[in-house]
Amino acid sequence: MAGSKRFVRERRIWFPWERRGGYRSLLLLGRLGPGLVVLGVLGFIGILGVREQRSAGVRQTRATLIGVRRAVDAYRADNDGGCPSGLEKVSGYSHFKETPTDAWGHALRFVCPARREGDAYQLSSDGPDGEPGGLDRVE
């Protein structure tokens, strides 16, 4: 066997994406990967849905506050600048059939005269959590 040649293997450095499967194996897109991708996309869509639902509630509450503010201003104009004792009194000055609430079903907070300097009254919503004075209130 004088003429037998040994197979000489070429040494080479392999990057992780060059071996079996390419980028798919790097991203774990084997058997478990597609399920993880679907769960990730569904989670992302869920997060966007919750954020949009909260934003829609804030927009609806601001629109309600604008309507109530107009009704309170009309009441004050008709009553020589006097404050209504509650939002029930201003229902005749607006399109609201019953006492207005925010988008989350909580009663609006109405303070007249206002505690802040320069404001005639304060009108706000306690926000989604309904806690008075919380960080998510809508004014």
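Structure's up top.
First, a word on what this report is: a plain description of the structure on this page. Predicted model, so just to flag it, every value in this text is computed and none were measured.

Regarding the packing of aromatic side chains
Part 1 of the argument: For the structure on display, the rule yields one aromatic pair.
Part 2 of the argument: Taking the centre distance of 5.8 Å and the plane angle of 50 degrees together, the rings of phenylalanine 110 and tyrosine 121 count as tilted. Here tyrosine 121 lies in the loop between β1 (109-111) and β2 (122-124) and phenylalanine 110 lies in strand β1, a separation of 11 residues in the sequence. As far as the burial class goes, phenylalanine 110 and tyrosine 121 line up, both buried.

Here we look at a nonpolar patch on the surface
Part 1 of the argument: A cluster of nonpolar side chains, contributed by Val37, Val41, Phe44, Ile45 and Leu48, occupies part of the molecular surface with about 460 Å² of accessible area.
Part 2 of the argument: Counting through the fold element by element, valine 37 comes out in helix α2 (residues 33-78).
Part 3 of the argument: Judged by relative accessible area, which is 45%, valine 37 ranks as partly exposed.

Conventions used here
Residues numbered from 1 in each chain as written. Predicted model: local features only at pLDDT ≥ 70, side-chain atom pairs only at ≥ 80, totals over all residues. Heavy atoms only, no water. Phe/Tyr/Trp six-rings, centres within 6.5 Å; stacked < 30°, edge-to-face > 60°. Helix = DSSP H or I, 4+ residues; strand = E, 2+ residues; numbered from the N terminus. Buried < 20%, exposed > 50% of the residue type's maximum accessible area, 1.4 Å probe, protein only. Patch = residues over 30% accessible without salt bridge, like charges linked within 9 Å, V, L, I, M, F, W, Y side chains within 5 Å. Areas by Shrake-Rupley, 256 points an atom, 1.4 Å probe, with all protein chains shown as cover. Salt bridge = Lys/Arg side-chain N within 4 Å of Asp/Glu carboxyl O.

The analysis is restricted to geometry; functional conclusions fall outside its scope.
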